[in-house]
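Coordinates in review
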Number of protein chains: 6
Amino acid sequence: MSKRIVCFGEIMLRLSPPGCLRFEQAHSLDVVYGGGEANVAVSLSNYGLDACFVTRVPANPIGQGAINEMRRYGVDTRFMVRGGERLGVYFLEKGASQRPSKVVYDRKFSAISQVQKGDFDWQAIFELAHWFHFTGITPALGDTVAEVVIEACEAARAAGLTISCDLNYRKNLWSSENAGKVMAALMPYVDLCIANEEDAEKVFAIKATGSDIRSGVLSHEGYKSVARQLTDRFPFKAVAITLRGSISASDNNWSAMLYKNGNYHFSRTYPIHIVDRVGGGDSFAGGLIYAFLNGLGDEEALEFAVAASCLKHSIEGDKNHVTVDEVKALMAGDASGRVVR
Amino acid sequence: MSKRIVCFGEIMLRLSPPGCLRFEQAHSLDVVYGGGEANVAVSLSNYGLDACFVTRVPANPIGQGAINEMRRYGVDTRFMVRGGERLGVYFLEKGASQRPSKVVYDRKFSAISQVQKGDFDWQAIFELAHWFHFTGITPALGDTVAEVVIEACEAARAAGLTISCDLNYRKNLWSSENAGKVMAALMPYVDLCIANEEDAEKVFAIKATGSDIRSGVLSHEGYKSVARQLTDRFPFKAVAITLRGSISASDNNWSAMLYKNGNYHFSRTYPIHIVDRVGGGDSFAGGLIYAFLNGLGDEEALEFAVAASCLKHSIEGDKNHVTVDEVKALMAGDASGRVVR
Amino acid sequence: MSKRIVCFGEIMLRLSPPGCLRFEQAHSLDVVYGGGEANVAVSLSNYGLDACFVTRVPANPIGQGAINEMRRYGVDTRFMVRGGERLGVYFLEKGASQRPSKVVYDRKFSAISQVQKGDFDWQAIFELAHWFHFTGITPALGDTVAEVVIEACEAARAAGLTISCDLNYRKNLWSSENAGKVMAALMPYVDLCIANEEDAEKVFAIKATGSDIRSGVLSHEGYKSVARQLTDRFPFKAVAITLRGSISASDNNWSAMLYKNGNYHFSRTYPIHIVDRVGGGDSFAGGLIYAFLNGLGDEEALEFAVAASCLKHSIEGDKNHVTVDEVKALMAGDASGRVVR
Amino acid sequence: MSKRIVCFGEIMLRLSPPGCLRFEQAHSLDVVYGGGEANVAVSLSNYGLDACFVTRVPANPIGQGAINEMRRYGVDTRFMVRGGERLGVYFLEKGASQRPSKVVYDRKFSAISQVQKGDFDWQAIFELAHWFHFTGITPALGDTVAEVVIEACEAARAAGLTISCDLNYRKNLWSSENAGKVMAALMPYVDLCIANEEDAEKVFAIKATGSDIRSGVLSHEGYKSVARQLTDRFPFKAVAITLRGSISASDNNWSAMLYKNGNYHFSRTYPIHIVDRVGGGDSFAGGLIYAFLNGLGDEEALEFAVAASCLKHSIEGDKNHVTVDEVKALMAGDASGRVVR
Amino acid sequence: MSKRIVCFGEIMLRLSPPGCLRFEQAHSLDVVYGGGEANVAVSLSNYGLDACFVTRVPANPIGQGAINEMRRYGVDTRFMVRGGERLGVYFLEKGASQRPSKVVYDRKFSAISQVQKGDFDWQAIFELAHWFHFTGITPALGDTVAEVVIEACEAARAAGLTISCDLNYRKNLWSSENAGKVMAALMPYVDLCIANEEDAEKVFAIKATGSDIRSGVLSHEGYKSVARQLTDRFPFKAVAITLRGSISASDNNWSAMLYKNGNYHFSRTYPIHIVDRVGGGDSFAGGLIYAFLNGLGDEEALEFAVAASCLKHSIEGDKNHVTVDEVKALMAGDASGRVVR
Amino acid sequence: MSKRIVCFGEIMLRLSPPGCLRFEQAHSLDVVYGGGEANVAVSLSNYGLDACFVTRVPANPIGQGAINEMRRYGVDTRFMVRGGERLGVYFLEKGASQRPSKVVYDRKFSAISQVQKGDFDWQAIFELAHWFHFTGITPALGDTVAEVVIEACEAARAAGLTISCDLNYRKNLWSSENAGKVMAALMPYVDLCIANEEDAEKVFAIKATGSDIRSGVLSHEGYKSVARQLTDRFPFKAVAITLRGSISASDNNWSAMLYKNGNYHFSRTYPIHIVDRVGGGDSFAGGLIYAFLNGLGDEEALEFAVAASCLKHSIEGDKNHVTVDEVKALMAGDASGRVVR
């Protein structure tokens, strides 16, 4: 029987103009539902695992849409609670060439942002589960939500689960100061810490020396230093950092680093033509969790996660619709894009 | 030079599934911006008048979209204020046959709902204007908004404008009790009161005797009684009531009554195949204001407003995209729908 | 081998907003190519006949589009000449309920409107042909085009073809006076004259007494009188008149009359929910020509043409995409619209 | 805990031109997955029951699409088997007015049509279940499939389930002779027999006297006679017959009859503007099963099923996306289609 | 109060196949309205200036569409005159890789091409204005239009406006000989002359030595020589030349040169993935006019114009929908396309 | 009069998700009809030749769609036979970046796969023809189809036609062993053998030494060796091999080799941004056949074929919609993608 993972966080209605139209040119908006932890759950379900997503959505057709989308991809939605006033919305305008993608959030007052301790039956949720995943977005939704995350972490630890957290700093949701304080309280529960090139600095003021994000120059030494500082400060078993070399809104170089058991692993780098980069980091987390749960070695696990998230960039929407076989084909070196008949 | 009308209220982002798909079947949503008073402003601009719409929208691309849509149809947007957190959203699922249309509101915390006295320079806004129009939706958005409406009414009266109000009761926004109290305070400013078959009862507990809305049986005597009771209670110069005979979501009979100077006028009744009935009442208000501003007689004014709003039901979106000539052609009796080459 | 029919006239690029959007709401336009005689040619090809369409289109991709569309439906396009500056365009806004459909023509200076005598090799075109069809639109395109029509009629008569003409008066193209003069010169060549309820009056000042088009009241006696007057004046072997009872832009009653050999035949009347009424008359002409060429009796020929054109009203675009079997099924009385599996 | 129902049959990829385009006009095809029993399962899941759908789909993305669609609507897909060569396809062209809808089947050699006895673990499938539903389409798919249906019926009876069957005769799949023989062997297992106005005659040569389907004239007495003959011949506990009065492809009158415990119940008749009539009968079956499982009285159960299937006709696709509350609102008499805000 | 700019020229209906379909594959056409000077006006309005666009459009819905589009983006349309027969049309097929984009013009006999001296009240139009802009396309529309341009230039000079002209040679509209003669008469009014790499040669036979356009090799020295020759011949205060290095229809290198006060400035070069390159030159002109009107230094003005037009290439349609902040962010060096949240 | 070419093979309904959506994300599928030999026929018709396509399609609207599409592009469809059960279908998911395109075939039991000797009147088909073309896909459809291909080859040889064959190995249709045996029997009829970099090995076990397809490294020497081995074994007059350097699903390098009269010609290499690579090889074959039929020299013929197929990669669908002039413009060196006005 496949292993069970629980993800907790917000799922939003994503509305984006077709193609690469700007907001002011759009007369219809494409609909997808997504969010950091929801995206991870879908990745894991696509890999054949028993992924469960926990959140709160309003008892209206928009909330039902979020449930349906998760069900569609095989995610266990039994613990999605109905209530609250609205589903968070985010508007996404896809960039191209030198024009960056743009996100307009309209997520305040969402159903999940109003939850409180006791709203979820964590004991039931974690029954038979092996892993718990959340991101830094969830505690940022509000003070009571942060309390619920702690509650969940305690229950997960009590149930013997591995816990992963993607730092995922969002400046629209909270200040670095606030984030640092709240996240520091959560990190002791975390086994696997995932971050991108900015998170560690924004949340914990840990700097990646020798790396200028906007210039696209990424220093391996800098990332090593960040990983080391993170493990010095918190009892992580592993730290993974995604390395995005942004050439333009259309082209990125994508790779990652894993620091585990004192060893630094740097993955292969993929030059990517971007179709949709939202959810790239989530697909990395999903790949890594799958790999660790299935006993892949550290190096292989990292390559699996990077290949999986490389493929995500070629897929519309927030979620990574790929199978284990497809990821493995890319890992095996076939990046030529030849037609599979 | 064309006459100037000022409309004050909320404009929302309307999102609706294409065709008559249900919410859960939609993978894209059609975008329109609309709201009771905004729709009236567009009607009036389409008729060649100098229509000005006043509201508050967030300083983001979604708010800009609302401004652009109003500009597109020639409405003066100089007094649309930028600020606040979000633009109100409403989701519309169009019904068909026995399946009713469905609206899911997500309008809480909108930019306009947070305005306060002093936020608008009514003296400047009403300069050179002849008419001020608002609906019962606006004061329902919040206590401070209701205060702003009173402020506007006082300024409009001081500037010598005619004032019209469409009662437009919305049960999701406030209770009948609350509505009755607030609206009663506003009615003394109003010259022209517009209502549909339910409003008078819901807001002022004035009942249309002899009329069962759901059965589609409409009694003329009942409506006369409502109009009389309204004018007994408030100093209206005229009362107009739209009469919707709902046969199904696809077919309605549409007519209206005007009570003015002690006379009751009942319009012709149009059997309508519905394309989009949202904004039907607003288009009636727009027609009536145009007609009165252009000196049409009472009977003719009523027929203009009913013909105008009959045409609205054949048009997608909230707004009535018709010209004076098109309305007059229908008034003149040509409802045959022959091709105009 | 199937019989050969030649149709001569204009084919235009038709651009229409999706669904029943108004022009000002459209951000894309649906593309179809059509025109009175082109539509007849497609009908006939769909019935398995060897239909040939003759016109002139510009040597650019827009002209090529017109050729491709005709080829797609099996029409012989070998005699479509390339040249001239532009393809005529017409913009079509579909009406609904009380809102009429609207056509904006942009057909001036089109390639076909510039043709002159000698531009077409009528002898080659009419080789092996049995029938020649044109409409009153073609000579209206310009004086030299009218001369070409006469040239074609002479060649057709010389080759022993049956000639049909649909009067099809277009007030945007010429005045009644001019139309009357030019058409009168063409009528002596015509064997079968087709008209709608307005044409005879507009072109030849022959009035259908007892019939008010806009009121939808159609008098059989009036139509008989029109047919009789037409045959009194011109040597037609038969006159067919379509009878459109316009209830609204969405609903029409549709039938027709045939006057031949001194007998009046009135067809069954179909109550139609309209999908697209453009080309309704053309599909009637196509049905009638097919029926006469295949030896159907007068009554049956009329019913075939009316059933064929009834079906056209349920089909998007200018052209009638139905088979002989489908027409016959409707003629046989099955108008119930049951699913054909 | 909600009751469990098992449905067994084929699910196909349905491809239909947008709007009411004809096949030859379509440049894209809308995608839905559906089939008689799959549609019933979705209805039941929408009503909050634990619906399980059993079938076989190929192990490719098209088969996965079918699984995903069922999951999306909450149907238990654990017993959908992967294997075989292809998913059945059907092409649907929607009719309008006098033009009938048209179905082109391409379902031969489908994965489900190749199953054999032993391919499904019926004991596991029926665990905790209360009801088993199939239609006459399934045994028509092939001799070995018919054997599997018998196998399932035996297991269902052994497990004490109620069994329902919708006769659903399909002339493209088998002859009346063959159908009669195979279905006669299945009927002894069936508690609730559902049929439309043609099935009884086509399968069992039982005629509805006094009713001409194409004329739209439906005789109550004729249907009573059919129900009586069916119960005379087979040990049904109840017989339900849907009554479709086809006025055109756009308008139908819809009602039904229930014969149970010696009583005949005729439902209210709904005049329907059709959006999509495919799956109308399935939605009736779904409504009836729900009603019986939830203990509604016979009359109320019939009205629930008819109201549910009335609403289906206003919904795109094969499946009935309505809730119990929506059905009950219509049953309660509100067919006016007023906007639900 | 923001500065006022007047642009005079043609606005056309642009029709283009979706995505990169070829004309013959398109069944719908995307609608945009645009033209050299209209595009500049929209750029300037987007930057917050008071842009006014002057032209003549037909009094039909297609002409109204052009007005609405300009209004939508805040352009002052009060001086757009209604009249004439048709709006010019151009068909645009977008290229990709080695396949070039293709434009089919259908602009003859357009409303603006028929204007004559006296049709516009230039004195009223230029009231309170600071700048007048036109392109070489406008005088190419016809002899009388050229006269109107001279009339406008004289009025603009009299009113003390700065005048800019984009040479914009169109070989379909006139010969080099004719262009040279007419443009030479206009140049004495011009303060700022804008050109691309071909214009100077085509219009004034001034050659950019050392530059082979098709090879993509661009010589700085050649451009300097062109600018010098232009200023030698005409009394320009500044000359700006855009430098397009066409690698393929999908990839271009984009930069520009400014020659002013005897100094040559060459901008940064942007490697661009092209979304839509139509209007690229216009967006450069718009950027430059904004920059000069807002007092930016020459170097900064050039970089602003190049960054603005770089962004245009990533935007669908003719018009540059960017804000000053977005241009400045790119100028500041952030071309990495990171998501803006 | 233009030369006549006959192509024989399968035409399928191609269904692909819009843009680069994955199968599971698609709610509509774009429709194209195509197949190896059909694509060649369309290329040749676009070049002005008299191309005839021979196949068998079912007598239903899907089969008619295939006929219509071929007619649309001017292909002679008189010898397309109607019969059989179904049209083959293939589902195409377009890849991007590192994600490969994916084809799901559903072509079994297609009408063409059931043909037998005697089903086609080859003598009539080849009348006045100059060339016969088929691919390795056709004999792979079934044993009896292979016999029909032999029958066709014999008739073609008897009629003095040149015969070309594109090896086009499809592993889903047959094994290498079977392919080798059947194709070996057909090769003696073939004058021009076309292959891609894999075919020779898969069909005839002839290896291109020194070339690793997936690495994108292509060795000229290896291809020479393959061509030599092929001509050693079979009496080909010429061998052409396409060389695809797959960098990713979005970028390919494209060139080809021609071996004729003992000389090896290697073409220019085009770096391509891929829009749709399906049919790339077919467009090469079409270009080569055109070139040889029109007497181009070997080098020029090869460059024509490579330029033609380079352009195909920028065009949606299976078929190459380009003219001779467009190919020649690219051959002449203009790959810069400048707008053609």
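What this report covers is the structure whose coordinates are included nearby. (Residues numbered from 1 in each chain as written. Chains lettered and ligands numbered in written order. Predicted model: local features only at pLDDT ≥ 70, side-chain atom pairs only at ≥ 80, totals over all residues. Heavy atoms only, no water.)

Examining the interface of chain E and chain C
The interface of chain E with chain C comprises 24 residues on the first partner and 24 residues on the second. Summed over both sides, the interface between chain E and chain C buries roughly 2000 Å², with carbon and sulfur atoms accounting for 66% of that surface. Across the pair E:Arg86 and C:Asp106 runs a salt bridge, and its minimum N-O distance is 2.5 Å. In this assembly, chain E and chain C are joined by 7 residue pairs in polar contact (both at pLDDT 80 or more). Counting only elements with at least two residues in the side of chain E that touches chain C, the list comes to β2 (12–16), β3 (28–34), α2 (61–72), β7 (89–93) and β8 (102–106) of chain E. (Contact = heavy atoms within 4.5 Å. Buried area = accessible area lost by both parts, 1.4 Å probe. Salt bridge = Lys/Arg side-chain N within 4 Å of Asp/Glu carboxyl O. Polar contact = N/O pair within 3.5 Å; in protein donor to acceptor, adjacent residues only side chain to side chain. Helix = DSSP H or I, 4+ residues; strand = E, 2+ residues; numbered from the N terminus.)

Overview of empty space enclosed by the protein
For the structure on display, the rule yields 13 cavities of 30 Å³ or more. If you trace the second largest cavity, you find 14 residues lining it, with C:Phe23, C:Ala26, E:Val31, E:Tyr33 and E:Gly65 closest to the centre. Counting only elements with at least two residues in the lining of the second largest cavity, the list comes to β3 and α2 of chain E. Of the residues forming the lining of the second largest cavity, the biggest block, 4 residues, is contributed by α2(E). Residues belonging to the lining of the second largest cavity are distributed by class as follows: 9 nonpolar, 2 polar and 3 charged. (1 Å grid on protein atoms, 1.4 Å probe; cavity = no way out; pocket = protein on both sides within 12 Å on 5 of 7 lines; lining within 4 Å. Points joined across faces, edges and corners; volume = space filled by probe spheres on them. Nonpolar A, V, L, I, M, F, W, Y, C, P; charged D, E, K, R; others polar.)

Some details on the relation of the copies chain E and chain A
Take chain E, turn it by 120 degrees, move it 0.0 Å along the axis, and it overlays chain A with an RMSD of 0.0 Å. Between the two chains, the operation in question is that of a three-fold axis. In terms of C-alpha distance to the rotation axis, chain E has E:Gly19 as its closest residue, with the C-alpha 5.1 Å off the axis. (Least-squares fit on C-alpha atoms with pLDDT ≥ 70 in both.)

Concerning the side chain of D:Ser314
Take D:Ser314: it is sitting in the loop between α10 (298–312) and α11 (324–331). Ignoring anything within four residues of it in the chain, the contact list for D:Ser314 reads B:Cys20, B:Ala96, B:Ser97, B:Arg99 and D:Val275.

Focus on the relation of the copies chain E and chain C
With an RMSD of 0.0 Å, the fit of chain E onto chain C corresponds to turning through 180 degrees and sliding 0.0 Å along the axis. When the rotation and shift are considered jointly, the pair of chain copies conforms to a two-fold rotation axis. Measuring from the rotation axis to each C-alpha of chain E, the shortest distance belongs to E:Leu29, at 2.6 Å. Of the residues that chain E buries at the interface, 100% are likewise interface residues in chain C, meaning the two copies contact each other through the same surface.

Focus: the interface of chain E and chain A
Across the boundary between the two partners, chain E contributes 24 residues, which contact 29 residues of chain A. Both faces combined, the contact of chain E with chain A buries some 2500 Å², and carbon together with sulfur accounts for 50% of it. On the chain E side of the contact with chain A, E:His273, E:Arg338 and E:Arg341 bury the most area, a combined 33% of that side's loss. The interface formed by chain E and chain A contains 3 salt bridges. E:Glu326 serves as the salt-bridge partner of A:Arg22, at 2.7 Å between the closest nitrogen and oxygen. The interface formed by chain E and chain A contains 15 residue pairs in polar contact (both at pLDDT 80 or more). For the side of chain E that touches chain A, the elements supplying multiple residues, two or more each, are β15 (270–273), α10 (298–312) and α11 (324–331) of chain E.

Some remarks on the pattern of salt bridges
Residue and element names in this part refer to chain F. Applying the stated rule across the entire model yields 120 salt bridges over all chains. We note a salt bridge from Asp-191 to Lys-237, for which the minimum N-O separation is 2.6 Å. With Asp-191 in the loop between α5 (176–186) and β11 (192–195) and Lys-237 in the loop between α7 (220–233) and β12 (238–246), this residue pair connects regions lying 46 residues apart in the sequence. You can call Asp-191 buried: its relative accessible area is 15%. Here Lys-237 falls in the exposed class, since its relative accessible area comes to 56%. (Buried < 20%, exposed > 50% of the residue type's maximum accessible area, 1.4 Å probe, protein only.)

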